[in-house]
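These are the residues of each chain, in order.
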Amino acid sequence: MTRDGVFEAPGRINLIGEHTDYNDGFVLPIALPHTVRVTAARRDDGVLRVASRQAHGVAELRVADLAPGVVTGWAAYVAGVVWVLREEGHPVGGFGLLVDGNVPLGAGLSSSAALESATALAVTELSGVDLDRRELARIARRAENEFVGMPCGIMDQSASLLARERHALLLDTRTSEIEHIPFDPAASGLALLVVDTKAPHRLVDGEYAARQRDCRRAAEQLDVPALRDVDQADLDGVVRDLPERLARRVRHVVTENQRVLDAADLLRARRTRELGPLLTASHASLRDDYEVTVPELDVAVDALVAAGALGARMTGGGFGGCVISLVEESAVDACTEAVRAAFADHRFTAPDCWTATAAPGARRADRVPTATA
Ligand code: ADP
Ligand code: MG
């Protein structure tokens, strides 16, 4: 067991399956080449000391004093993981951790899960704690839920810890079953274009919690354990007696779940192009039924589709963040230009546009050949 090491974990893009992960449903993310890197060294004095090249301030705490509410700000994502591990009885003591990464913060690409995942991998491996990746994902999520106070589902941490290069990760959030499905758009002459809209996240935490409440209430009224269990075949009949807003929330979750399964079937059959319409339908559902888009997201999707993209949708929780789009490789420039022009017309901040590949999940970075990222 070594005392120090370098560990990195990727951000993610969810291809499809938005707001399904807290409804026991399916999600289909890929890991990004962008990572958060944690250089870690065990300390014998019981002190957790964390610094980040992307944030101000150094946090220094005794691990024995860690408790929800004690740490605020970015260091809570790190300290939370150490707290959960100790709380669950694992022998994790003091650490010095230096964070450095290139996952954009707060852009919906899950820099938070990347930070938690890299931390979880670092402190468990250097403490001789042997947990599988699913357990690490559960622990990282628990840190974000209970220590940071963000009631996220299990998708982001699972993607960061379990994804494989050139594959999408189909995750059943009820059973934790996973399947790695080949996803390599370039092999079919396609590109996955990402538009970071730079839209400031508005109302995210409160609205996210409100959607979760809507879903819980709808499941109670429909007398099902989770919205995953609503039968899509008779959807209109099922939601008939629900208040109008709840009916729309249910319709989004149920149809989105089916779109994930349809997308997985298409990828298994190597019919990647046909994913396009599913992406655009997902966006319409998130805009109209789930009401988590903002004008920047809608304008980007409309401009991409009008410029010939096969399909486009917001990705992540919404209220800002990124749009993804499946486009012919030959159309990347035209689609990018179309989005830039539309943003200029609307006087939005200029977006960042780039193409994404499906990268590997979290790994130790000082032991493997440096071919990644
Ligand atoms: P997202 O996960 O979509 O990027 P979140 O709001 O969930 O957005 O998480 C972003 C937060 O995670 C940042 O505000 C910061 O507190 C923390 N974070 C992520 N990456 C880093 C980093 N490299 N250094 C310090 N803090 C980070
Ligand atoms: Mg996050």
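None of the values given here were measured: they were computed from a predicted structure. (Residues numbered from 1 in each chain as written. Chains lettered and ligands numbered in written order. Predicted model: local features only at pLDDT ≥ 70, side-chain atom pairs only at ≥ 80, totals over all residues. Heavy atoms only, no water.)

**Student:** Honestly, the packing of helix 2 (residues 111–127) against helix 4 (residues 155–162) in this entry has me stumped. Any pointers?
**Tutor:** If you want to describe how two helices pack, look at the angle between their axes and the distance between the axes. One way to put it is that helix 2 packs onto helix 4 with a least axis distance of 9 Å and a crossing angle of 55°. By the angle class used here, helix 2 and helix 4 are oblique. The interaxial crossing formed by helix 2 with helix 4 has right-handed handedness. Two secondary-structure elements touch here, helix 2 through Ala113, Ala114, Glu116 and Ser117 and helix 4 through Asp156, Gln157, Ser160 and Leu161. Across the contact of helix 2 with helix 4, the residue classes tally to three nonpolar, three polar and two charged. (Axes fitted to C-alpha atoms, helices over the stretch in contact; angles between N-to-C directions. Helix = DSSP H or I, 4+ residues; strand = E, 2+ residues; numbered from the N terminus. Parallel < 35°, antiparallel > 145°, perpendicular 65-115°, else oblique. Left-handed = near helix turned anticlockwise from the far one by under 90°. Contact = heavy atoms within 4.5 Å. Nonpolar A, V, L, I, M, F, W, Y, C, P; charged D, E, K, R; others polar.)

**Student:** I'm lost on the UniProt feature "site: Transition state stabilizer" (unreviewed entry) in the protein chain in this one. Help?
**Tutor:** The UniProt feature table records "site: Transition state stabilizer" (unreviewed entry) at Arg12. When you line up the elements, Arg12 lands in strand 1 (residues 4–14). On the basis of relative accessibility, which here comes to 4%, the residue Arg12 falls in the buried class. With residues near it in sequence (within four places) discarded, Arg12 still touches Pro29, Ile30, Ala31, Leu32, Gly108, Leu109, Ser110, Met155, Asp156, Ala159 and Gly316. At 2.8 Å, the side chain of Arg12 and the backbone oxygen of Gly108 are in polar contact. (UniProt positions renumbered as here; feature names shortened; annotations may be inferred. Buried < 20%, exposed > 50% of the residue type's maximum accessible area, 1.4 Å probe, protein only. Polar contact = N/O pair within 3.5 Å; in protein donor to acceptor, adjacent residues only side chain to side chain.)

**Student:** For this particular structure, what's the right way to read the sheet that holds strand 5 (residues 59–62)?
**Tutor:** Adjacent strands of a sheet pair through backbone hydrogen bonds, lying either parallel or antiparallel. Spatial ordering of the open sheet is given by 5-4-6-3-1-13, a layout of six strands whose pairing is mixed. The open sheet terminates on both sides in strands that have one partner only, identified here as strand 5 and strand 13 (363–364). Here strand 3 (residues 29–43) runs beside strand 6 (residues 94–101); their pairing, made up of eight bridges, is antiparallel. Directly across from Val36, in strand 6, lies its bridge partner Gly101. Seen against the sheet, helix 4 touches strand 1 and strand 3 and runs at an angle of roughly 125° to strand 1. (Pairing = 2+ DSSP bridges.)

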